[in-house]
Amino acid sequence: MRTFALTASAALLASVYGFSPIARVAHTHSVAPLGVAPAHQPAALVQRDAIAQRTVLRSLAPSMVATSPGGLFTQSNPEDRRVVPEDPNGRASFKVVYVVLESQYQSSITAACKRINAMQPDVCVECVGYILEELRDETNYNQFKEDVGDANIFIGSLIFVQDLADKVVAAVEPVRDNLDACCIFPSMPAVMRLNKIGSFTMASMGQSKNVMVDFMKKNKPSGTSFQDSMLKLVRTLPAVLKYLPGDKAKDARSFMMSLQYWLGGSPENIEALLLNLAGNYVKDVSATDVLSGMPVAPPEVIPDKGIWHPVAPRVFDTTEEYMTWLRNEHAPALGIDADKAPVVGVILQKSHINTKDDAHYVSFIMELESRGALVVPTYTGALDFSICINDYFYYAGKTLVDVVINLTGFALVGGPATQDHPKAISTLKNLNRPYLCAVPATFQTFEEWKDSELGLHPVQVALQVALPELDGAMEPIIFAGRDGVTGRSIPQADRIDMLAKRALKWAGLRRKKVAEKKVAITVFSFPPDKGNVGTAAYLNVFGSILECLKSMKAEGYQVGELPATVEDLVDSVLHEKEAALASPSLNVEHKMSVAEYKELTPYAKDLEENWGPPPGQLNSDGANLLIYGKRFGNVFIGVQPSFGYEGDPMRLLYAKSASPHHGFAAYYTYVEKIFGADAVLHFGTHGSLEFMPGKQVGMSGGCYPDRLIASIPNLYYYAANNPSEATIAKRRSYANTISYLTPPAENAGLYKGLKELGELVGSYQGLRESGRGPSIVNSIVATARQCNLDKDVDLPGEDDDTAVLSVEERDGVVGKVYSKIMEIESRLLPCGLHTVGVPPTASEACATLVNIASIDRPEDGIEGLPRTIAKSINRDIDDIYRKSDAGDLQDATLRQEIVEAVRDAVSACVDRSTDGEGRVVEVRSVVDGMAEFFQGGSPMKQALKAKGFDKVSDESITPLFEYLEFCLKQVVADNEMGALLDGLDGKFITPGPGGDPIRNPLVLPTGKNMHALDPQAIPTIAACNCAKVVVDRLLERQQLDNEGVYPESIAFVLWGTDNIKTYGESLAQVLWMVGVRPVPDSLGRVNQIEAIPLEELGRPRIDVVVTCSGVFRDLFINQMNLLDRAVKLVAELDEPLDQNFIRKHALEQASELGCTMREAATRVFSNAAGSYSANVGLAIENGGWEDEGQLQDQFLSRKGFAFNADKPGVLDSAEAIFKSSLKKVDVTFQNLDSSEISLTDVSHYFDSDPTKVVSGLRTDGKKPTSFVADTTTANAQVRSLSETVRLDARTKLLNPKFYEGMLNSGYEGTREITKRLRNTMGWSATAGAVDNFVYEDANDTFIKDPEMQKRLLDTNPNAFRDMVTTFLEANGRGYWDTDEDNLDRLRQLYAEVDDKIEGI
């Protein structure tokens, strides 16, 4: 029989999660939602009954669930859902098996089957259901296959997880022809193709030619309004059914009716669905005609959209009708003053209302009302929830609500399959209210979520946390959980209480008078020391705070008497930078007694396990807990306490991080309950709150970030280039982040001997063939050696005379030196510190634009200016880079000429828009001043011509400069202060991506609620292409250094921010190294892999040991799953061991450790859930370490938790396999992807470097080679770690352009210089990668020069003392060999500075 086929458009019936596909069917006996009164029942009685119901619902205890230690996210038992007729009594029987993503249908299906078995005289049913996630368990999956094998009807819905969809298809497809009916509702296309109801099938996916197909092609949904188009399409379908042949129309109609029944969701609807399918398609039932005469009830549905309140008499169609009922009946009955009450807009999921699985909704609405709020609970059947906002959250021409809470967990526009973030953002910007998106735990039972260290299931994190964040959502609080037995949603009282309190605090910001609002500005001190108060990445913290206070005062905030200068502000908080002995600490704003602390801090007792009884030793005077900071009217500037264990070697060794200490808890208790903050503003990247112990995502009431932030709205200034840690702050401490600009990146330039070298090279180029040529080369060689470039460039011997060399050989020597100094000169470094609310000048913006202009952007059809210039002289820029890197003098010179031409052309562009004060007020368009094009061309073309590139046409550069104009507008736009004031006023802060503004100018303008990206979108194709280049260069260099031999194992470090900025380049590097290709699923999500054949790979598969940062683990656990599967996939390939080092090592380790090969192929490691870093950075920054062995033990104990795709619900300690894998490592490898953050800017890089760890583990005494990939420019480089540290020192620590820029920032700039010296020593400790000259030159720069000493001492004596200490420590630990004069000077200086600080 020829089957009826549906097109792909219909096959995806939408991404629909709960809409009624056909216009509402009239019915005579509708079943009211919970608490909705039939017309004859008094409203007051209904309200009383509903409140009683809600009380019962809130008191429900979670059911017992299966919790075997299987390492999976859920161990709930499908057998709890099996319904078997107790007494078939000769009745015709059929069997139903179903699989659903979420569990709200479970209780309806169970009830429907029990009704059939109890009430149908001639038919009975056996039924068993599976939650999709349960199919990961092999026992469950085998039982599922067995159940499907003898089923009559199979039903699937919302099967959108690719690997589990594959399992469903693998189980159902072989037996599909034996099934009487197979009903698949919106799911992955491969699953949709399983549909079969009589002659109706989707297997052909639109290949048949008939009227139905033609109709659907003409009405195919498209564009951004996909959901609305699909809804319209499906509603219109019944009109064409009459044109189909009878049997086909009947079967198509059966499918559409089945979908309506399913979306109706109630037990009555599901009962009708099953009886309809059984009576028409199950052979054993239809053959007997036992159901043929029985009328099947039509679908019972509530309106497609409306305002649903559990005690209202009906669903309301309009806001006006609802507000009349609310203000005149409901609010007075509750004793709420409707004129003064905050109004909370709530978005609900229709399927929960349909299935009566709404206890969590009822409980939350009741909680809000008990706190005096009016609630507007709305729903829509479409997945475009912006309908709820646009139709119901405005009233009388004004915005009705003060805050919006989305309880569906989904993105505002879209569901598990598709989203429309621009439409969502536009809707929310128009509404302009805080937007919270709470999450029901559906992939785990409540108990499983509560017991899990990881927290929320990774698939849920991707779908219901990461995607809503792209809309601007915040506060992913788990407010309900699935019952393991019934599948119903259980409201979680403490989480609902927290969500309600926080929502109403946000609403309060909207309603409270500005003059009455209290704001707590929190600054950080890391490492804990007076010289470090106000630490934040590239931010002038106190200068920024003063600007904020001025702006707040102008808006009407009560800020008291403001300090006149930044220095005065610093002094008021630090209580004098040079504190006397009588006042050795910071300013104390409040002394909290132990009794007060215990009374106000409910979890104080829990902290005693780690810290003993209060007050403890930290932030304490022995009797009280001390709150450091200073009040200015209604603004408190407080200093966040430290972790507390920075200087304790034993605590640093703990595999899991300790709880906060009493002083830390007391600080947040003070902010919330004593100072009474309406909001807290965390100032800069970053503090400790978001990294306190607790679940990764989906905090419980026992997680310390949740306990500490409590009910306070959290605004958080975060560096725009650090979206990963900003995302941790969003998810763990409920932060509404506000991005700030990092300082503009400028070229490092040349100085001292390096500048002299550049001048000598210039002289040589004009005299290379003259008699002076050899002597100039001798001077170049001698000067290069004085600058320690002999560490990077092969130079002739000290006694060699270059006169014996040919001109070409001398060119080679000079070319290599020139290439190296130009590498230093052109390296980007941020200059100075950024001040919030102060946009960059034109010259600063120009520096950023030069870097933007130098990158090719094929996705935007834009060619980088260096490539365009090279083309104009018939050269390829990549060839110029390659030859320049190899030391070709001619191409090194040409490359520098191109660099200078790019700078001049961009400067000419910016100059057109610069005013007399050096600022960009209005950006002029390229098309402005068209006369220029007829008078020698644009200023940009003329600038290129002046540099000798006269063949570049305006036509070829116009697209680039139009793009640069857009970028210039973004660079100089300033909404950092505006976003803060909006946040404090209870308004919506526009979301935007974080990352490198050079790679992705959409990061700009700053002042956005920063988000990361869809974790299932990486690695991208472009990232994979870039990764291949880097890996191939790394392996080529290794072969060159090792006589053609490939390394067998490479240790990788994966960072969260790096992978966000590069869209997964380092992730793709690991995959390419092992010879695996990522493959997107049918929805474009990257969650599949395939092995690249060895023939195509052209080399052996290299083993890897992947150490993931704690932030990467939190954001990209799905990608950790991908990596683990990739490694295990290739380990199990039957390939020669000399071509597959993963398999070779796994076999050896399986034998060595007595485990299976699959277990031995574990290669993906991180911290324990809720813990971050190896604490190596903390130890080095605070001096709290005894020897390198301690640092290595910390690394092994804290980073040795393995991810296992076979047990994705746990991160197990796996130190044995971690050590076994590391001792086989030949190469350690990291990536640098951004000019703002390099090896010595932060401690993270050396904290996770395993170089000396590997050396200590290897039994052959061999030290691994260490490399760093630098993709900060278009010309990606692979350098040794030592090369990179030298480059970093020359361009930053030792570079006057850098340290003078820092010193211009005063107190904070001195600290930044000291930090880089300390981080440089970190590389000595972890990798032995620092040359002696770096310490020697730094000592000459900062210590030997009396004038420099005085500048450092005057601006920040504490930081200067730390610098002196670092030099002495570097010598004492054997990292710096110097003369006694230097050491005596340092010792004397230490005593003098210490006496000055202590007031002696």
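No experiment lies behind these values; they were computed from the predicted model shown.

**Details of the overall build of the protein**
Reasoning step 1: For the protein, the helix and strand inventory stands at 58 helices and 38 strands.
Reasoning step 2: Across the 1400 residues in the protein, those meeting the buried criterion constitute 64%.
Reasoning step 3: A separation of at least 24 residues holds for 77% of the contacts in the protein among residues at least 6 apart in sequence.

**Looking at the environment of Val 439**
Reasoning step 1: Of note, Val 439 is situated in strand S15 (residues 439–445).
Reasoning step 2: When the C-alpha atoms of Val 439 and Pro 476 are compared, they prove to be 5.9 Å apart, with 37 residues separating the residues in sequence.

**Here's the deal with helix H44 (residues 1117–1131)**
Reasoning step 1: Here H44 contains 15 residues, and its C-alpha end-to-end distance of 21 Å stays within 8% of the 21 Å for a straight helix at 1.5 Å per residue.
Reasoning step 2: The buried fraction of H44 is high, at 12 of 15 residues.
Reasoning step 3: Considered for burial, the residues of H44 that qualify are Ile 1117, Gln 1119, Met 1120, Asn 1121, Leu 1122, Leu 1123, Asp 1124, Ala 1126, Val 1127, Lys 1128, Val 1130 and Ala 1131.

**Structural notes on the sheet that holds strand S9 (residues 343–349)**
Reasoning step 1: Spatially, the 5 strands line up as an open sheet ordered S8-S10-S9-S13-S14, and their pairing is mixed. In this open sheet, the two strands that pair with only one neighbour each are strand S8 (305–307) and strand S14 (435–437). Here the strands of the sheet are splayed against their neighbours by 20 degrees on average, with no regard to which way each runs.
Reasoning step 2: In the sheet, S8 pairs with strand S10 (residues 374–380) via 3 bridges, with the strands oriented antiparallel. Bridging from a neighbouring strand, Gly 306 pairs with Tyr 379 of S10.
Reasoning step 3: Sheet contacts for helix H13 (residues 319–334): S8 and S10; angle to S10, the most-contacted strand, approximately 145 degrees.

**Let's talk about unusual backbone geometry**
Negative phi values dominate among residues other than glycine, just as trans dominates among peptide bonds.
Reasoning step 1: Cis geometry marks the peptide bond from Leu 1004 to Pro 1005, where omega comes out at -10 degrees.
Reasoning step 2: Counting through the fold element by element, Pro 1005 comes out in the loop between strand S27 (991–993) and strand S28 (1009–1011).
Reasoning step 3: Positive phi is not limited to glycine here, since Asn 89 has a value of about 50 degrees.
Reasoning step 4: For Asn 89, the position within the fold is in the loop between helix H2 (43–58) and strand S2 (92–100).
Reasoning step 5: Its identity is not glycine, yet Tyr 1063 carries a phi of approximately 60 degrees, on the positive side.
Reasoning step 6: Looking at the secondary structure, you find Tyr 1063 in the loop between helix H40 (1056–1061) and helix H41 (1065–1074).
Reasoning step 7: By relative accessible area, which is 36% here, Tyr 1063 ends up partly exposed.

**What to know about the nonpolar core**
Reasoning step 1: Ranked by size, the top nonpolar core spans 175 residues in total, and within it Leu 407, Ile 545, Ile 637, Phe 683 and Tyr 717 carry the most contacts.
Reasoning step 2: Filtering out sequence-adjacent residues up to four positions away, Leu 407 remains in contact with Val 346, Ile 347, Leu 348, Tyr 361, Phe 364, Ala 438, Pro 440, Phe 479 and Leu 499.
Reasoning step 3: By size, the runner-up hydrophobic cluster in this structure holds 94 residues, among which are Val 817, Tyr 818, Ala 892 and Ala 1329.

**A closer look at the packing of aromatic side chains**
Note on aromatic pairs: each is described by the distance of the centres and the angle between the planes.
Reasoning step 1: For the coordinates displayed, the defined rule picks out 32 aromatic pairs.
Reasoning step 2: An angle of 70 degrees between the planes, with centres 5.2 Å apart, marks the rings of Phe 1052 and Phe 1229 as edge-to-face. Highlighted residues: Phe 1052 in strand S29 (residues 1049–1054) and Phe 1229 in strand S36 (residues 1227–1232), separated in sequence by 177 residues. Of the two residues, Phe 1052 and Phe 1229, both sit in the buried class.
Reasoning step 3: An aromatic cluster of at least three residues, connected via ring pairs, comprises Phe 636, Phe 664, Tyr 667, Tyr 668, Tyr 670 and Phe 675.

**Observations concerning the packing of helix H54 (residues 1307–1327) against helix H57 (residues 1357–1372)**
Reasoning step 1: Their axes nearest at 9 Å, the elements H54 and H57 cross at an angle of 15 degrees. The orientation of H54 with respect to H57, classified from their angle, is roughly parallel. The way H54 lies across H57 gives a crossing that is left-handed. Contacts between H54 and H57 involve Thr 1310, Arg 1311, Ile 1313, Thr 1314, Leu 1317, Arg 1318 and Met 1321 on the former and, on the latter, Ala 1359, Asp 1362, Met 1363, Thr 1365, Thr 1366, Phe 1367, Glu 1369 and Ala 1370.

**Brief notes about the pairing of S2**
Reasoning step 1: Burial within S2 is extensive, with 8 of its 9 residues counted as buried.
Reasoning step 2: With respect to chirality, the unit in which S2 leads through helix H3 (residues 106–119) into the neighbouring parallel strand S3 (residues 123–131) is right-handed.
Reasoning step 3: Relative to strand S4 (residues 153–157), S2 is paired through 5 bridges, and the arrangement is parallel. Residue pairing in the sheet places Val 97 in a bridge with Phe 154 of S4.

**Thoughts on the confidence of the model for the protein**
Keep in mind that low pLDDT regions are not for reading the predicted coordinates in detail.
Reasoning step 1: Across the protein, pLDDT averages 83, with 88% of residues at or above 70.
Reasoning step 2: The least confident element of the protein is helix H1 (residues 8–11), whose mean pLDDT is 30; the most confident is strand S13 (residues 403–406), at 97.

**Quick word on the pairing of strand S5 (residues 181–184)**
Reasoning step 1: Of the two faces of S5, the one carrying Ala 181 and Cys 183 and the one carrying Cys 182 and Ile 184 are both buried.
Reasoning step 2: Bridge analysis of S4 against S5 gives 4 bridges, and the strand direction is parallel. Each bridged residue has a counterpart across the sheet, and for Phe 154 the counterpart in S5 is Cys 182.
Reasoning step 3: Where S5 meets strand S6 (residues 196–197), 2 bridges bridge the pair, whose relative direction is antiparallel. Across the sheet, Ala 181 pairs through a bridge with Ile 197, a residue of S6.

**Some details on the environment of Thr 1265**
Reasoning step 1: Inspection of the secondary structure assignment puts Thr 1265 in strand S37 (residues 1265–1270).
Reasoning step 2: For Thr 1265, a relative accessible area of 32% translates into the label partly exposed.
Reasoning step 3: Put simply, Thr 1265 and Pro 1047 are 218 residues apart on the chain and 9.9 Å apart in space, counted from C-alpha to C-alpha.
Reasoning step 4: With sequence-adjacent residues up to four places away left out, Thr 1265 is seen in contact with Gln 1038, Asp 1226, Val 1227 and Thr 1228.

**Looking at the packing of helix H52 (residues 1281–1293) against H54**
Reasoning step 1: Two numbers describe how H52 lies on H54: the axes approach to 12 Å, and their chain directions differ by 170 degrees. In terms of orientation, H52 and H54 fall into the roughly antiparallel class. Contacts from Leu 1281, Val 1285, Lys 1292 and Leu 1293 of H52 reach H54 at Ile 1313, Arg 1316, Leu 1317, Thr 1320, Trp 1323 and Ala 1327.

**Notes on the sheet that holds strand S22 (residues 679–683)**
Reasoning step 1: The strand order across the open sheet formed by 7 strands is S19-S20-S21-S18-S22-S23-S24, and the pairing between neighbours is mixed. Each edge of the sheet is formed by a strand with only one pairing partner; in this case those strands are strand S19 (588–593) and strand S24 (735–740). Neighbouring strand axes in the sheet, compared pairwise and without regard to direction, differ in orientation by 30 degrees on average.
Reasoning step 2: Bridge count between S22 and strand S23 (residues 714–719): 4 bridges; the pairing is parallel.

**Considerations on the pattern of salt bridges**
Reasoning step 1: One pass over the full model with this rule turns up 84 salt bridges.
Reasoning step 2: Between Arg 882 and Asp 879 there is a salt bridge whose closest N-O contact spans 3.7 Å. Of the two residues, Arg 882 and Asp 879 are both situated in helix H34 (residues 877–885); the distance of 3 residues between them amounts to about one turn of the helix.
Reasoning step 3: Among the ionic pairs, Arg 1037 bridges to Asp 1041, the shortest N-O distance being 3.8 Å. One end of the pair, Arg 1037, and the other, Asp 1041, are both in helix H39 (residues 1021–1041), 4 residues apart, so they sit about a helical turn from each other.
Reasoning step 4: Through salt bridges that share partners, Glu 79, Arg 82, Lys 95, Glu 126, Asp 147 and Asp 150 make up one connected network.

So, how was this worked out
- Residues numbered from 1 in each chain as written.
- Predicted model: local features only at pLDDT ≥ 70, side-chain atom pairs only at ≥ 80, totals over all residues.
- Heavy atoms only, no water.
- Helix = DSSP H or I, 4+ residues; strand = E, 2+ residues; numbered from the N terminus.
- Buried < 20%, exposed > 50% of the residue type's maximum accessible area, 1.4 Å probe, protein only.
- Contact = heavy atoms within 4.5 Å.
- Expected span 1.5 Å × (residues − 1).
- Pairing = 2+ DSSP bridges.
- Axes fitted to C-alpha atoms, helices over the stretch in contact; angles between N-to-C directions.
- Core = buried A, V, L, I, M, F, W, Y, C linked by side-chain atoms within 4.5 Å.
- Phe/Tyr/Trp six-rings, centres within 6.5 Å; stacked < 30°, edge-to-face > 60°.
- Parallel < 35°, antiparallel > 145°, perpendicular 65-115°, else oblique.
- Left-handed = near helix turned anticlockwise from the far one by under 90°.
- Right-handed = clockwise from strand over helix to strand, strands pointing away.
- pLDDT = per-residue confidence, 0-100.
- Salt bridge = Lys/Arg side-chain N within 4 Å of Asp/Glu carboxyl O.

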